[in-house]
Amino acid sequence: MGVSASAISRVTGVEVSYKNFNAGKAALLPQRLAIVGPGNSNVAYSTKKYECESSAALVAERYGYGSPLHLAALQLFPLSGNGASFPVTIYPVAEGASAVAAAGSLGITGTATENGSGKIYIGGIVAEFAVTKDDTGDNVLAKVKTAINGVLNMPVIAGDLDDHAIPLTAKFKGTIGNQVKTELQADIAGLTFSVTQLSGGSIDGDVDTALAAIGGVWETVVLDLYPYNNTTNLDKYQNWGEGRWGVLNKKGCLVAHGCTDNYATRTAVTDARPNDYINFLIPSVGSREMPFVVAAKGLVSDIMTQADKDPACGYKGLLTGLHTGDDLVQEDYNVRNQAVSKGSSTNIKEGSAARLNDIITFYHPIAEGKYPSRRYVVDMMKLMNVVYNVRLIMEADEMIGVPLVPDADVVTNPNAVQPKMVVTAFVNLAKSLASKAIISDAEFTKKNLEVKIDSENPKRLNVKFPVKLSGNIEVSSTDVFFGFYLGGE
């Protein structure tokens, strides 16, 4: 009470304080994205974490234009359209000792017999050049070099002419550069074009330091900018991620990787990791984009944005603004079905854009059959929300260090907690989670809920909160029967 017990003179006191009367009402877990990857090798940058300020330009100034961190930020913070509505933090990785940048080249020979123009796509970013009649191959290469280096976002630097060719070198060292696709679109009489794809990039940076820097922050998704087939990194992400789901950490997280590879290539990686429920792919088969650009777009256009506002819904967003693969390389239903059975996400092509189709983790242990429990990313997001709300109840101030007494006791201490009070909070939580379609069958949870004082430790409360996650429509089957009307008497 606000008025002291020793007061004897006439007085009226009113004390105002906050009291939570909504214990057990489900709240949505706020999404947070962590980006792990390198900057531009020609820029000296700090490896301390950086909380982004909704500006790709600021990321470029800090980590270099055309760096993986900058190119990912361009998708998350576009100049127009919807960007990330959730916090984004960069955890930079220093390039590996003795790391090598991937390199390729572009060659042109002959003499143009007509005016023309061309485009060169490098990692999905375009540079355009003009050709004048009587230009030699070397003249055109000089124009191409100027065009490429004039695009700040380019992931490569074009070097000096040598033997009718110019070298293309990734702006960052390591195996990421091997994923930069070069595609030339030019058909000019008298000129012969040749492209050597980037290769030879080696030795990626160590992600351990970046993961350690996350500390106690509940980052819900990590965007990995390195190639998804870096099994050393996959192992590190899996071990770290499983620890985040641990009983004492309670901050579940998933790790997203971009992918533009076909079924055989990507499932060779995912099928070998049947117990991995931390890593997942965001694919766009055959796209000329950098894979991590595909992943960044998928997260901001659908997965994390959806999880932030309605975590019960699955993912079907379009990767608008990105190049999609040719129709000939898109996968039919049978291939996609087999990919899912091997732990690989899939996409479909809709018009000129790729659409997310099956977004799943690598998890597919034989023991769990056709429907493994931790397959779908949406289910993992639902589970994170359940854990988040359980923490809100059990870590509330009024649940820490207060007296714990049996239900049968009659107590006047306002701070005392009895199991039946906790039961009420969890029953309310089950109803609230069910109303948001995060779980189903709240009555099952209510009937099987247990809250008991431990039989050996009087200071321990044991709670069992069983829930059935809601499903999502992934397959539908409708039978249509038809016949004909026959006239008669």
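Going by the structure above, here's the rest.
Residues numbered from 1 in each chain as written. Predicted model: local features only at pLDDT ≥ 70, side-chain atom pairs only at ≥ 80, totals over all residues. Heavy atoms only, no water.

Undergrad: Can you walk me through the overall build of the chain in this structure?
TA: Counting its regular elements, the chain contains 11 helices and 19 strands. C-alpha extents for the chain along the principal axes are approximately 105 × 90 × 45 Å. Sorting the 489 residues of the chain into buried and exposed places 46% on the buried side. For the chain, the proportion of contacts with a sequence separation of at least 24, taken over those separated by at least 6, is 70%. In the form shown here, the chain has an accessible surface area of approximately 24,300 Å², with 51% of it arising from carbon and sulfur atoms. With 43 positive and 50 negative side-chain charges, the chain shows a separation of 8 Å between the mean positions of the two kinds. (Helix = DSSP H or I, 4+ residues; strand = E, 2+ residues; numbered from the N terminus. Buried < 20%, exposed > 50% of the residue type's maximum accessible area, 1.4 Å probe, protein only. Contact = heavy atoms within 4.5 Å. Areas by Shrake-Rupley, 256 points an atom, 1.4 Å probe, with all protein chains shown as cover. Lys, Arg positive; Asp, Glu negative; His and termini not counted. Charge placed at Lys NZ, Arg CZ, Asp CG, Glu CD.)

Undergrad: Whenever I open this one, the side chain of Gln 330 confuses me. Can you help?
TA: Assignment of secondary structure puts Gln 330 in the loop between helix H7 (291-309) and helix H8 (333-341). On the accessibility criterion, Gln 330 (18% relative accessible area) is buried. A polar contact is formed between the side chain of Gln 330 and the backbone oxygen of Val 285, at a distance of 3.2 Å. Reaching out from Gln 330, the side chain makes a polar contact with the backbone oxygen of Gly 325 at a distance of 3.3 Å. In contact with Gln 330, not counting residues within four places along its chain, are Val 285, Thr 324, Gly 325, Asn 347 and Lys 349. (Polar contact = N/O pair within 3.5 Å; in protein donor to acceptor, adjacent residues only side chain to side chain.)

Undergrad: Before we go on, may I ask you to explain the sheet that holds strand S13 (residues 279-283) in this structure?
TA: Two pairing modes exist for strands in a sheet, parallel and antiparallel, and in both the strands are linked by backbone hydrogen bonds. Spatial ordering of the open sheet is given by S2-S3-S1-S11-S12-S13, a layout of six strands whose pairing is mixed. Looking at which strands have only one partner, the edges of the open sheet turn out to be strand S2 (50-51) and S13. Relative to strand S12 (residues 254-259), strand S11 (residues 221-224) runs parallel, the two sharing four bridges. Within S12, the residue paired with Asp 224 across the bridge is His 257. Across the face of the sheet, helix H2 (residues 68-76) comes into contact with strand S1 (33-37), strand S3 (88-92) and S11 while running at roughly 155° to S1. (Pairing = 2+ DSSP bridges. Axes fitted to C-alpha atoms, helices over the stretch in contact; angles between N-to-C directions.)

Undergrad: Where do I start with the pairing of strand S8 (residues 165-173) in this structure?
TA: Along any regular strand, the residues point their side chains to alternate faces of the sheet. Bridge count between strand S4 (residues 101-110) and S8: six bridges; the pairing is antiparallel. By the bridge assignment for S8, Gly 107 is matched with Ala 165. In terms of strand pairing, strand S7 (residues 156-158) meets S8 through three bridges, oriented antiparallel. Bridge pairing links Ala 158 to Leu 168 in S8. Once S7 ends, the chain turns through six residues before running back antiparallel as S8, passing Asp 163 with a positive phi of about 55°.

Undergrad: How should I be thinking about helix H6 (residues 263-270) in this particular structure?
TA: One turn of an α-helix holds 3.6 residues; hence residues three or four places apart share an orientation. Those residues of H6 lying buried are Tyr 263, Arg 266, Thr 267, Val 269 and Thr 270. Angularly, the buried residues of H6 cover 150° about the axis, an arc narrow enough to put them on a single face. In this structure, the buried side of H6 is in contact with helix H5 (231-244), S12, S13, H8 and strand S14 (346-350). (Arc of directions from axis to C-beta.)

Undergrad: Would you explain unusual backbone geometry in this entry?
TA: Glycine aside, negative phi is the norm for most residues, and most peptide bonds take the trans geometry. Despite not being glycine, Asp 134 has its phi angle at roughly 80°, a positive value. Its place among the elements puts Asp 134 in the loop between strand S6 (125-131) and helix H3 (137-149).

Undergrad: Even after reading the chapter, I still don't get a nonpolar patch on the surface, so can you show me in this structure?
TA: A cluster of nonpolar side chains, Phe 482, Phe 484 and Leu 486, forms an exposed patch at the surface whose accessible area comes to about 490 Å². Relative to the elements of secondary structure, Phe 482 occurs in the segment after strand S19 (468-469). (Patch = residues over 30% accessible without salt bridge, like charges linked within 9 Å, V, L, I, M, F, W, Y side chains within 5 Å. Salt bridge = Lys/Arg side-chain N within 4 Å of Asp/Glu carboxyl O.)

Undergrad: Sorry if this is basic, but what is going on with the nonpolar core here?
TA: The nonpolar side chains of a soluble globular protein tend to be buried, and buried together. Counting 96 residues, the largest nonpolar core has Leu 33, Ile 148 and Leu 299 as its most contacted members. If you tally residues by element for this core, the top one is H7, at 10 residues. Beyond its immediate sequence surroundings of up to four residues, Leu 299 is in contact with Leu 33, Phe 86, Val 221, Leu 223, Ala 256, Phe 280, Ile 282, Met 304 and Thr 305. Counting residues in hydrophobic clusters, the runner-up holds 18 residues, among them Ala 26, Ala 312, Ile 438 and Leu 449. (Core = buried A, V, L, I, M, F, W, Y, C linked by side-chain atoms within 4.5 Å.)

Undergrad: Please explain the packing of helix H1 (residues 56-63) against H2 as it appears in this structure.
TA: When two helices pack together, their arrangement is given by the angle between their axes and by how far apart the axes lie. One can describe the packing of H1 onto H2 by two numbers: an axis separation of 8 Å at closest approach and a directional angle of 180°. With respect to their mutual orientation, H1 and H2 come out roughly antiparallel. Side by side, H1 and H2 meet where Ala 56, Val 59, Ala 60 and Tyr 63 of the first sit next to Leu 69, His 70, Ala 73 and Leu 74 of the second. Of the residues in the contact of H1 with H2, the class split is seven nonpolar, one polar and no charged. (Parallel < 35°, antiparallel > 145°, perpendicular 65-115°, else oblique. Nonpolar A, V, L, I, M, F, W, Y, C, P; charged D, E, K, R; others polar.)

Undergrad: Can you walk me through the sheet that holds S7 in this structure?
TA: The strand order S7-S8-S4-S10 describes an open sheet built from four strands, whose pairing is antiparallel. Edge strands, defined here as strands with exactly one partner in the open sheet, are S7 and strand S10 (191-199). Adjacent strand axes in the sheet meet at a mean angle of 20°, parallel and antiparallel pairs treated alike. In the packing of H3 onto the sheet, contacts are made with S4, S7, S8 and S10, and the angle to S4 comes to roughly 145°.

Undergrad: Explain the packing of aromatic side chains to me, please; I cannot follow it from the model alone.
TA: Given two aromatic rings, one states the distance between the centres and the angle between the planes to describe the pair. Scanning the model with the defined rule gives six aromatic pairs in all. The interplanar angle of 75° and the centroid separation of 5.7 Å between the aromatic rings of Tyr 45 and Tyr 63 together place this pair among those described as edge-to-face. Of the two residues, Tyr 45 is situated in the loop between S1 and S2 and Tyr 63 in helix H1; the sequence distance between them amounts to 18 residues. You'll find Tyr 45 and Tyr 63 in the same group, each marked buried. The interplanar angle of 80° and the centroid separation of 6.1 Å between the aromatic rings of Tyr 277 and Tyr 363 together place this pair among those described as edge-to-face. (Phe/Tyr/Trp six-rings, centres within 6.5 Å; stacked < 30°, edge-to-face > 60°.)

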